[in-house]
Structures are given as structure tokens and as C-alpha cells.
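# Structure at a glance
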Amino acid sequence: MTSLADLTRQHSLLDRDDIDHLNRLSAEWAFLADLCFADLFLHIRAQSGRWMVVDQVRPATNQTMYVTDHVGMWATGGVEQVNAAFDTGLRVEGEIESADGLVADPSAVARIVAIPVRRNGRVIAVLSKEWIVRAGRVPGELEHHYSLIFEKFVTMIESGTFPFAGRVADSSAAPRVGDGVMMLDADATVTYVSPNATTALHRVGIHANPVGMRLAELGFHDGPARQAFERCEPVIEEFEQGADVALLARCVPLLTGSPGEASVTGGLMLLRDVTELRKRDRLLLSKDATIREIHHRVKNNLQTISSLLRLQARRLESDEAKQAVGESVRRIRTIALVHESLSREAGDDIAFIEIVRPLLRLAEEGLQSPDRPVRFSVRGSGGRIPAHTATPLSVVLTELLQNAVDHGFPEGSGGGDVAVVLGHDGEHLELRVVDNGRGVEPGFDLDQATGLGLSIVRTLVTTELNGTIQMRPAAAADLEAVSLDGVGPARGTVVELRVATLDD
């Protein structure tokens, strides 16, 4: 849908400040529709003289009058009243004779009040209130008070003091009229309380009749009202009152006078009980903290197992047994490292680069020797991966690094470089391990490899990760892409891995 700003720029000569004024009005007016139990429309006069609807809001306190959106359409019903309000600068009320068949109940009598929207003393647009007259229905006390509040805001719109100038707190998450309403005078004395607001007061232990009493006298937190009256702008604040009851309050000051010289005559306080919502938030935080604590304890247990295995390895005499235990220790340390990373992350996923970097440091510590120095590097980030994917993927990467060093740079070879290249296309993680070692043997087939390391890799990729993997000799372009030097066309190996990172 085309935005208010786009429609206004396209069809009118209003300047940027005028458009900003209308944007702030449309951002604030949801509670106005609730107060007047009617649909509200914002009209601008196009250069052709016709009227275009640039925004529309339906009430949450009543049935909407229209079944379709009018935004971006030329006004057909109530055009006479809209024209008169714009030309005279006064409110104009009348009956809607036609609205292109968009009225929800075509047989009902529909009425309109056209309200001039002023900025800097001139009318820049017209706001219309449109509703269906229901015969025989007498408005109750709540509707009477809401109508009086709405009239006060209409007066502010006509004088240019509403919407409020400058940056105003986001009202999208603020309480609505249906949550609870308290009317205040200039001294923050309560003049009216809606039934839902009364319920909220009872929740915090205030059972006395609040009408005629100041908020402070009631023992109710008056911070939002004091700040709103002092700053002459709406204030949103969440606070705990009474026995662990959380309330979200928004106080909108009522002003009289012209912009820059207006004084506060009272305020509208909207209240919402958010106790249950905050309880759920705390439960989620507690659950998240528990999961991180579990990861932390698993990491500690794995480190203990790793230490015990290293102690056992010192008592072994067989070089083959020592090597097997050493490889087991390395795999356990890899898993422990993943749990350590997950213990620091909130949520169900983790940035893969936060695991890869410590894995490379682990490889540098465990795979280096004086006669074969190997330099490790990483390029790219790999995006975020699900937590349940992190452990098998890290084990696979560790095995590939081990394989690159053991087979690409045997003892006495002089060492070389291993580069890990990470990519992410939104759905798949792409991982390449490139080395400039001696390369794979001709006719090498990964599916036929019998070594434990590559068997682990193949099994994890195809079963745990549901991915694909291939190993091939490195071409000159592969080595150049990662700034590695090779000697001859057969120097180096590339392992390419592709894994889905979106949960089914």
C-alpha cells in the first residue's frame, strides 16, 4: 500500500513539514477513533481540487462503518462537508449521501463531521469522523465521557496543538481506550474512570472511589502524568504497583491555546494491566538462563572428561593408543567449545563465526609442530546456524582441519596454509576448507574413504546435517581466491560442504 507521505507528495503541494505533521497525526489517532466510536479519514486536497483519502483508522470500540479501505481513493461521500471545513476552517457536520456502495449497511443513515487540520495557522488537510446513526439507542455514561474527551482533542487539532510537535514516544504498543481510561484535570485530580480502569485500580489495591482525588492521594504512581504535564507531550511508562502488578500507562496532556503558548488543562491516562505478559517474559528469560546454565555445565563436564583422558594417555606406552586418545580428546574439546559458545548466546541460534574462530585457535594449538608450521585463516562469517546444528558442524570442521594438516602437510614438509571460507545464502551454509598441501591422491573417492576422521565427517554430514560434501584437488583459481600459493596444478585440496540452516 502506498504510504501517506507518498500519496501527499504525489497529489498535493504540501511541504515536508506539513507532511510530517500529518504523519504524526496518523501515528497518534488510533485512540481518537476509539473515543468517538467511529471511522476516521484523513483527506488532502489534490492539485486538481478533488479530495483524496491518505489514511484511515477503524475503532476498536465499535463496528466499522466501511468494509473496504479507502486509502489512495478519491473521496465520494461527504465531499461537500470536507470542502466547507477546508474553506471556512470550521467544523462542518452533515449526512453522507453516497460513498460508492462501501457503507457496511447501505440502508442506515450515515453522518460525517469534517474537522480542519491546522498547522501554523493554516488548514492543510481535513479529518472526517464518519459513523452510522442507530435509531432508538441512547448513549451511556461511558460514551458520553468519551465524546467529551474526543471533543477536547478535536479542538486541539483545529488549533494546531495536536499532534504534538517533535519526537513523541512510540504509541504502537501503548494502551488503547478499551484497556482503561482515566480523565485528569490540570492538578492530576481524577474526574472520570472507565470500568476497565477501575478494575486495574482494584488489582493494585485501590478500592476507594478515585473521582475527585489526586493520583498521589490515591497512592497511585503519578510519574507519567507529572512528566506529561511538565513537558506538554505524551509520556509512556511501565511500572509495578501494589502486589507485583505491572501496569503500562500512557498520559496524553490536554492543551488549550495556540502552539508555543498552550497551557495544560488536563490529561487522558490510558492504562493496561501487563502483569501476565511480564510474567511470561520472566518465564522466557528464566528458561533461556536455564538453557545457558545447562550448556555451561555440559562444557565443564566435557572438560573434566578431556582432562581425565589426557591423564590416562600419559600412562599409555603404545604410540597408536596415545594418538587415538589424543584424537578423542580433541573431539571432546570441540564439543565443549560449542557448548561454551552456546552458554553465552541467548536464543535458539548462534553466529557460526563465533565457533569457527576458537576452533581455529584450537587447531593451531593441537596440530602444530616445529617442522611443519601451518597457518590457519578464515574468510566470511557463515551467518547464524541453529543450536542443534552447531555441534555436528563443528566436529565436521575439526575433522577436516585435522585431515588437511595430517595429509596435506606431513612431518618435515615445511608446513603451509589452510583457509576456511564461509558463506550463507539465507537458507544454506556453504563451507570450504582449502589448503595448499600435497593434494589428494588421483582417483580419490570420499565415499570409499575408510579413515575414522573422514568416516565421521561423511556420517555427520549425511545423517545429522542432511547436507552434501565433496573433496577434490585444488585448482589455481581456488588457491588464488584465498590468497594461497600452490606449486603445480595438483597442489592443494578443496573440501566443499553445503548444509541447510533453516529448521523444517
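Residues numbered from 1 in each chain as written. Predicted model: local features only at pLDDT ≥ 70, side-chain atom pairs only at ≥ 80, totals over all residues. Heavy atoms only, no water.

As a further point, take the packing of aromatic side chains. Enumeration over the complete set of coordinates arrives at 8 aromatic pairs. On the basis of an interplanar angle of 20° and a centroid distance of 5.9 Å, the ring pair of Phe 37 and Tyr 146 is categorised as stacked. With a gap of 109 residues between them, Phe 37 in the loop between helix H3 (30–36) and strand E1 (39–45) and Tyr 146 in helix H5 (residues 141–159) connect regions that are remote in the sequence. Neither residue differs from the other here; Phe 37 and Tyr 146 are each classed as buried. An angle of 70° between the planes, with centres 5.5 Å apart, marks the rings of Phe 153 and Phe 162 as edge-to-face. Of the two residues, Phe 153 and Phe 162, both sit in the buried class. By the ring-pair criterion, three or more aromatic residues cluster together here, those being Phe 31, Phe 153, Phe 162 and Phe 164. (Phe/Tyr/Trp six-rings, centres within 6.5 Å; stacked < 30°, edge-to-face > 60°. Helix = DSSP H or I, 4+ residues; strand = E, 2+ residues; numbered from the N terminus. Buried < 20%, exposed > 50% of the residue type's maximum accessible area, 1.4 Å probe, protein only.)

Counting 72 residues, the largest nonpolar core has Phe 31, Leu 32, Leu 35, Leu 42, Phe 153, Met 182 and Phe 220 as the members making the most contacts within it. Filtering out sequence-adjacent residues up to four positions away, Leu 35 remains in contact with Tyr 146, Ser 147, Ile 149, Phe 150, Phe 153, Val 177 and Leu 268. Formed by 44 residues, the second largest nonpolar core is a distinct cluster that contains Leu 367, Ala 390, Leu 446 and Leu 497. (Core = buried A, V, L, I, M, F, W, Y, C linked by side-chain atoms within 4.5 Å. Contact = heavy atoms within 4.5 Å.)

With an omega of 5°, the peptide bond running from Phe 162 to Pro 163 counts as cis. Along the chain, the position of Pro 163 falls in the loop between H5 and strand E6 (181–185). With a phi close to 55°, Phe 37 is a non-glycine residue in the positive phi region. The phi dihedral of Asn 120 is positive, around 55°, even though this residue is not glycine. Here Asn 120 shows up in the loop between strand E4 (109–119) and strand E5 (122–133). For Asn 120, a relative accessible area of 63% corresponds to the exposed category.

Side chains that carry opposite charge are capable of pairing whenever their charged atoms lie near each other. Applying the stated criterion to the full structure yields 25 salt bridges. The salt bridge involving Asp 222 is made with Arg 226; its shortest N-O contact spans 3.1 Å. Taking relative accessible area as the criterion, Asp 222 reaches 17% and is therefore assigned buried. Residue Arg 226 is classed as partly exposed on the basis of its relative accessible area of 43%. We note a salt bridge from Glu 399 to Arg 330, for which the minimum N-O separation is 3.7 Å. Of this pair, Glu 399 sits in helix H12 (residues 387–408) while Arg 330 sits in helix H10 (residues 319–344); the two residues are 69 residues apart in sequence, bridging distant segments of the chain. Note on accessibility: Glu 399 and Arg 330 belong to one class, buried. (Salt bridge = Lys/Arg side-chain N within 4 Å of Asp/Glu carboxyl O.)

Where strand E14 (residues 416–424) and strand E15 (residues 428–435) come together, 7 bridges link them in antiparallel fashion. Its bridge partner being in E15, Val 421 is matched across the sheet by Arg 432. Counting the residues between successive antiparallel strands, the hairpin from E14 to E15 contains 3 residues, one of them, Gly 426, with a positive phi of roughly 100°. As paired strands, E15 and strand E17 (residues 493–500) are joined by 8 bridges and run antiparallel to one another. Residue pairing for E17: Leu 431 is matched across the bridge by Leu 497. (Pairing = 2+ DSSP bridges.)

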